[in-house]
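This is what each chain is made of:
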Amino acid sequence: MLSETALSPADFITPLFIVHGNDISNPIASMPGVAQLSVDRAVAESAKIAALGIPAVLLFGLPATKDAVGKENFADDGIIQQAIGAIKAAVPELVVITDVCLCEYTDHGHCGVLDGEEILNDETLEVLQRVAVSHAEAGADVVAPSGMMDSMVVAIRDALDGDGHEQVSILSYAVKYASGFYGPFRDAADGAPAFGDRRSHQMDPANAREAIREVLLDVDEGADMIMVKPALSYLDVIRQTREICSLPIVAYNVSGEYSMVKAAAERGWVDEDRVVNEVLTGIVRAGADLVITYWAPEVAARLGEPSIQ
Ligand code: PBG
């Protein structure tokens, strides 16, 4: 009766990793319980997710081939375009959000077009515009640019509106820290940079005022939802963002945050269900409206049971 914060399946977004092929479910070694899925398997999983009361999925694609720009990223028959079409056809009520970034598609693994070892911000924006429009054409409801390029939100908004996709929303990774917690994801999505790191564009973990500046910029550029990522080491940033921003706030409970708990639970060092409830409740209590989490289906199923304590 006196609990201030209650989790609900409606708080969650489930990430899915999509691969080419049929009837494929490749377990990801560093993320127990998570697998790369072919489109048919992703459709089946999406139906389960929707039936659990989870409102949305976030799609990441693994292309057949990679190149310097990542051409499959904006190909009509690209892996994500196929997945969007198939999921929207089978489970129309499920909100389909797509990752819009270059790193999973480029042979160098960086989030932008390169000149030598430097990312070209404005040339990258042109590619992001093509990717966002291509996802919208395939039926995406929301595009989520995750590359932290300057002006990516306004560039994508312009491109979407110019192509008749005024209804497609933008979930901006406004506050994305250069974090060691993305380690397992880079296995899952095969997107580790071939050299260097992402510190030229992702944020310094030491900075919170800068996060507020990033949020205000993206609000100004036309973002519909704001993301803070990772979640656990940045709960203060989620709280501060909540206080200055009236847009929905989405927190990404990232791969490393998931895998650490899984690893400790496997050793019997923590009780997984209990710790997961605490982790997700903490993120919502800090001010997130929605949480992207690999635990979404498992926790949603548990919340549906009569007693969760
Ligand atoms: C980039 C992207 C990353 C994640 C989501 N989108 C990786 C990165 O920036 O290196 C990480 C998500 C996670 O760790 O769960 N497209």
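What counts, and where the lines are drawn
- Residues numbered from 1 in each chain as written.
- Predicted model: local features only at pLDDT ≥ 70, side-chain atom pairs only at ≥ 80, totals over all residues.
- Heavy atoms only, no water.
- Helix = DSSP H or I, 4+ residues; strand = E, 2+ residues; numbered from the N terminus.
- Contact = heavy atoms within 4.5 Å.
- Polar contact = N/O pair within 3.5 Å; in protein donor to acceptor, adjacent residues only side chain to side chain.
- Axes fitted to C-alpha atoms, helices over the stretch in contact; angles between N-to-C directions.
- Nonpolar A, V, L, I, M, F, W, Y, C, P; charged D, E, K, R; others polar.
- Near = heavy atom within 4 Å.
- Areas by Shrake-Rupley, 256 points an atom, 1.4 Å probe, with all protein chains shown as cover.
- 1 Å grid on protein atoms, 1.4 Å probe; cavity = no way out; pocket = protein on both sides within 12 Å on 5 of 7 lines; lining within 4 Å.
- Sits in = over half its atoms within 2 Å of the grid points.
- Buried < 20%, exposed > 50% of the residue type's maximum accessible area, 1.4 Å probe, protein only.
- Pairing = 2+ DSSP bridges.
- Parallel < 35°, antiparallel > 145°, perpendicular 65-115°, else oblique.
- Left-handed = near helix turned anticlockwise from the far one by under 90°.
- Phe/Tyr/Trp six-rings, centres within 6.5 Å; stacked < 30°, edge-to-face > 60°.
- Points joined across faces, edges and corners; volume = space filled by probe spheres on them.

**Some points on the environment of Ala89**
Part 1 of the reasoning: Residue placement: Ala89 occurs in helix H2 (residues 79-90).
Part 2 of the reasoning: Each C-alpha atom, one on Ala89 and one on Gly139, is 9.4 Å from the other, the two residues being 50 residues apart in sequence.

**Digging into the environment of Asp67**
Part 1 of the reasoning: In this fold, Asp67 is placed in the loop between strand E4 (56-61) and H2.
Part 2 of the reasoning: A sequence separation of 39 residues divides Asp67 from Thr106, and the C-alpha atoms of the two residues are 5.1 Å apart.
Part 3 of the reasoning: Leaving out residues up to four positions away in the same chain, Asp67 has contacts with Tyr105, Thr106 and Asp107.
Part 4 of the reasoning: A distance of 3.2 Å separates a polar atom in the side chain of Asp67 from the backbone nitrogen of Lys71.

**Description of the packing of helix H7 (residues 235-244) against helix H9 (residues 272-286)**
Part 1 of the reasoning: Where H7 meets H9, the closest approach of the two axes is 8 Å, and the angle between their N-to-C directions is 30°. The residues of H9 that touch H7, namely those facing Leu235, Ile238 and Arg239, are Gly282, Ile283, Arg285 and Ala286.
Part 2 of the reasoning: Split by residue class, the contact of H7 with H9 holds four nonpolar, one polar and two charged.

**What about the site of the ligand?**
Part 1 of the reasoning: Taken together, 18 residues form the shell around the ligand, and within it Lys176, Arg186, Lys229, Ser255 and Tyr294 come nearest.
Part 2 of the reasoning: The contact in question runs from an oxygen atom of the ligand to an N or O atom on the side chain of Arg186, over 2.5 Å.
Part 3 of the reasoning: In the environment of the ligand, an oxygen atom lies 3.0 Å from a nitrogen or oxygen atom belonging to the side chain of Gln202.
Part 4 of the reasoning: Protein burial of the ligand: of its 410 Å² of free accessible surface, 100% is covered by the chains.
Part 5 of the reasoning: Structurally, the ligand is housed in the largest cavity.

**Some thoughts on the pairing of E4**
Part 1 of the reasoning: With six of six residues buried, E4 is to be regarded as a mostly interior element.
Part 2 of the reasoning: Side-chain alternation along E4 places Ala56, Leu58 and Phe60 on one buried face and Val57, Leu59 and Gly61 on a second face that is also buried.
Part 3 of the reasoning: Of the pairings in the sheet, the one linking strand E1 (residues 12-19) to E4 comprises six bridges and is parallel in character. By the bridge assignment, Ile18 is partnered in E4 with Gly61.

**Regarding the packing of H2 against helix H3 (residues 121-138)**
Part 1 of the reasoning: Look at H2 against H3: their axes get within 8 Å of each other, and the N-to-C directions meet at 30°. Our classification of the angle between H2 and H3 gives roughly parallel. In terms of crossing hand, the pair formed by H2 and H3 is right-handed. Residues Ile80, Gln81, Ile84 and Gly85 of H2 pack against Ser134, His135 and Ala138 of H3.

**Thoughts on unusual backbone geometry**
Part 1 of the reasoning: The peptide bond linking Lys229 to Pro230 adopts the cis configuration, its omega dihedral lying at -10°.
Part 2 of the reasoning: Within the secondary structure, Pro230 sits in the loop between strand E10 (225-229) and H7.
Part 3 of the reasoning: Its identity is not glycine, yet Ser151 carries a phi of approximately 70°, on the positive side.
Part 4 of the reasoning: Tracing the chain through its elements places Ser151 in the loop between strand E8 (142-145) and helix H4 (152-162).

**Remarks on the packing of aromatic side chains**
Part 1 of the reasoning: Taken as a whole and judged by the stated rule, the model has nine aromatic pairs.
Part 2 of the reasoning: Centroid distance Phe17 to Phe60: 5.5 Å. Interplanar angle 25°. Geometry classified as stacked. Pair noted here: Phe17 is in strand E1 and Phe60 is in strand E4, with a separation of 43 residues, a long-range link.
Part 3 of the reasoning: For the ring pair Tyr177 and Tyr234, a centre distance of 4.0 Å and an interplane angle of 10° mean the geometry is stacked. With Tyr177 in the loop between strand E9 (169-176) and helix H5 (183-188) and Tyr234 in the loop between E10 and H7, the pair connects residues that are 57 residues apart, well separated along the chain. Of the two residues, Tyr177 and Tyr234, both sit in the buried class.
Part 4 of the reasoning: Taken together through their ring pairs, the aromatic side chains of Phe17, Phe60, Tyr173, Phe185, Tyr252, Tyr258, Tyr294 and Trp295 make up a single cluster.

**Quick notes on empty space enclosed by the protein**
Any empty space left between atoms is shown by rolling a water-sized probe over those atoms.
Part 1 of the reasoning: As enumerated under the stated definition, the model contains one cavity of 30 Å³ or more in all.
Part 2 of the reasoning: The wall of the largest cavity is formed by 18 residues, among which Glu104, Lys176, Tyr182, Phe185 and Lys229 lie closest to the centre.
Part 3 of the reasoning: For the lining of the largest cavity, the elements supplying multiple residues, two or more each, are E9 and H5.
Part 4 of the reasoning: Of the residues assigned to the lining of the largest cavity, the class counts are nine nonpolar, three polar and six charged.

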